[in-house]
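What follows is each chain in one-letter form.
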Amino acid sequence: MDGRTEEEEKMDPKSTVADQPRAAIEHRSFARIGFLGNPSDVYFGRTISFTIGNFWASVKLEPSQHLLIKPHPFHDLVRFTSLDHLVDRLQNEGYYGGVRLLMAICKIFRNYCKDNAIQLHQGNFSLSYDTNIPRQTGLSGSSAIVSAALNCLLDFYNVRHLIKVQVRPNLVLNAEKELGIVAGLQDRVAQVYGGLVHMDFSKEHMDKLGHGIYSPMDISLLPPLHLIYAENPSDSGKVHSKVRQRWLDGDEFIISSMKEVGNVAEEGRTALLNKDHSKLVELMNRNFDIRRRMFGDECLGAMNIEMVEVARRVGAASKFTGSGGAVVVFCPEGPSQVKHLEEECRKSGFKIQPVKIAPSCLNDSDIQR
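Given the structure is predicted, the values throughout are model-derived calculations rather than measurements. (Residues numbered from 1 in each chain as written. Predicted model: local features only at pLDDT ≥ 70, side-chain atom pairs only at ≥ 80, totals over all residues. Heavy atoms only, no water.)

Quick notes on the pairing of strand β8 (residues 317–320)
Where we set the bar: Strands qualify as paired when DSSP identifies two bridges or more between them. Helical segments are the DSSP runs of H or I of at least four residues, strand segments are the runs of E of at least two, and each set is numbered from the N terminus.
With 4 bridges connecting them, β8 and strand β9 (residues 326–330) associate as antiparallel partners. Looking at the pairing, K319 lines up with V328 of β9. Where β8 hands over to β9, the hairpin turn is made up of 5 residues, of which G324 adopts a positive phi near 130°.

Below you can see the structure in the form of structure tokens.
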């Protein structure tokens, strides 16, 4: 013994190989649904979101001699059968896989630790990932990969107790900002916390704390919900642009509309706590209607609007899960209405499945932070 405390030894960057994790570390982060209040998270508003067990991303960290980011055999494809295959692939899947996301969170994590005097040991690792979250469905597929990777890094370096859970969504978002991804904190909070979360992004909190006030809620408060999504969805990363600029320019209509959307989340929290399902129907529909007025049909896209309308034609409440590509639906009349909805989705070529709520992923040490 050299007289150091156990905590001091953990903080020593020159710790021996024997002190460093030898076993593989794997974490899963679930897709999320923006239930009420979105997209006001980018505009000092309030939202309610939850994670779903239907889809997820997983990241595996294995101690290794060299630091290695492993490309995914499908999502980071670099070998093709022909030039036509390459072009078809790029048109359908785009240029980017998950490697860039893993590299970005490694950079953001290391810089945060350096800036906050959090010492990291010198061990290396390899990172690999997998995901079944459908692309461009507004279910936060990119941030799920980043969030899962961050959890691996926290455990590998044994610094989970040194980085507050409220700060972690900022790290995930900053990694995505490195890559030019347009987004807000809502999705990252949902995936860091898991379960059902109410979020207050008021300017006062954001300026003072650097993050919002995040309040987990009991997932049993949610009624049965369904998810509708398209095979060939829109690009969720380009939807905010014009509205954001109008808000920055002081457009009164956009500013007042964003406040109204944020208020939907507040009313929604009360409705959930009171099990007021008729109010939830009204709020879900109102949320989408306000969004439609702000963004316009051309920006939202005909297919995205049709997914909402399919649900409404059978009397169900519906709204985007994010910025387009998928819709969350509530059928207040129960199984018979769900069956009717399923038939209409089949006719329209949309996929539909019951939502499986994923519970909170925080442990006691996270909550205490």
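Structural notes on the pattern of salt bridges
Rule in force here: By salt bridge we mean one thing: a side-chain nitrogen of Lys or Arg within 4 Å of a carboxyl oxygen of Asp or Glu. Each residue gets one of three labels from its accessible area relative to the maximum for its type: buried under 20%, exposed over 50%, partly exposed in between, using a 1.4 Å probe on protein chains only.
Taken as a whole and assessed by the stated rule, the structure comprises 21 salt bridges. Ionic pairing is found between E282 and K279, a salt bridge with its closest N-O pair at 3.4 Å. Of this pair, E282 and K279 both sit in helix α10 (residues 277–295), separated by 3 residues, roughly a single helical turn. Across the pair E282 and R286 runs a salt bridge, and its minimum N-O distance is 2.6 Å. Of this pair, E282 and R286 both sit in helix α10, 4 residues apart, which is roughly one turn of the helix. Exposure remark for E282: the relative accessible area of 37% places this residue in the partly exposed category.

Observations concerning the environment of A230
Here is the rule we go by: In this analysis, two residues are considered to be in contact whenever any of their non-hydrogen atoms come within 4.5 Å of each other.
Looking at where A230 falls in the secondary structure, it is placed in the loop between β7 (226–229) and α8 (241–248). A relative accessible area of 4% places A230 in the buried class. Along the chain, A230 and G45 lie 185 residues apart, while their C-alpha atoms are 28 Å from each other. Once residues lying within four places of it in the same chain are set aside, the contact partners of A230 are M303, M307, G325 and F350.

Focus: the state of the cysteines
To keep it simple, the criterion reads: By disulfide we mean two sulfur atoms from cysteines, separated by a distance within 2.5 Å.
The full count for this structure, using the stated rule, is 0 disulfides. Its sulfur unpaired, C331 is 8.9 Å from the next cysteine sulfur, which belongs to C345.

Some details on unusual backbone geometry
Glycine aside, residues mostly have negative phi, and peptide bonds are mostly found in the trans state. A cis geometry characterises the amide bond from N38 onward to P39, with omega recorded as 15°. By secondary structure assignment, the location of P39 is in the loop between β1 (25–36) and β2 (46–64). The backbone phi angle of N158 is positive, close to 55°, even though this residue is not glycine. Locating N158 in the fold gives a position in the loop between α4 (141–156) and α5 (168–178). With relative accessibility at 36%, the residue N158 sits in the partly exposed group. Its identity as a non-glycine residue notwithstanding, K275 has a phi of 55°, on the positive side. Of note, K275 is situated in the loop between α9 (252–273) and α10.

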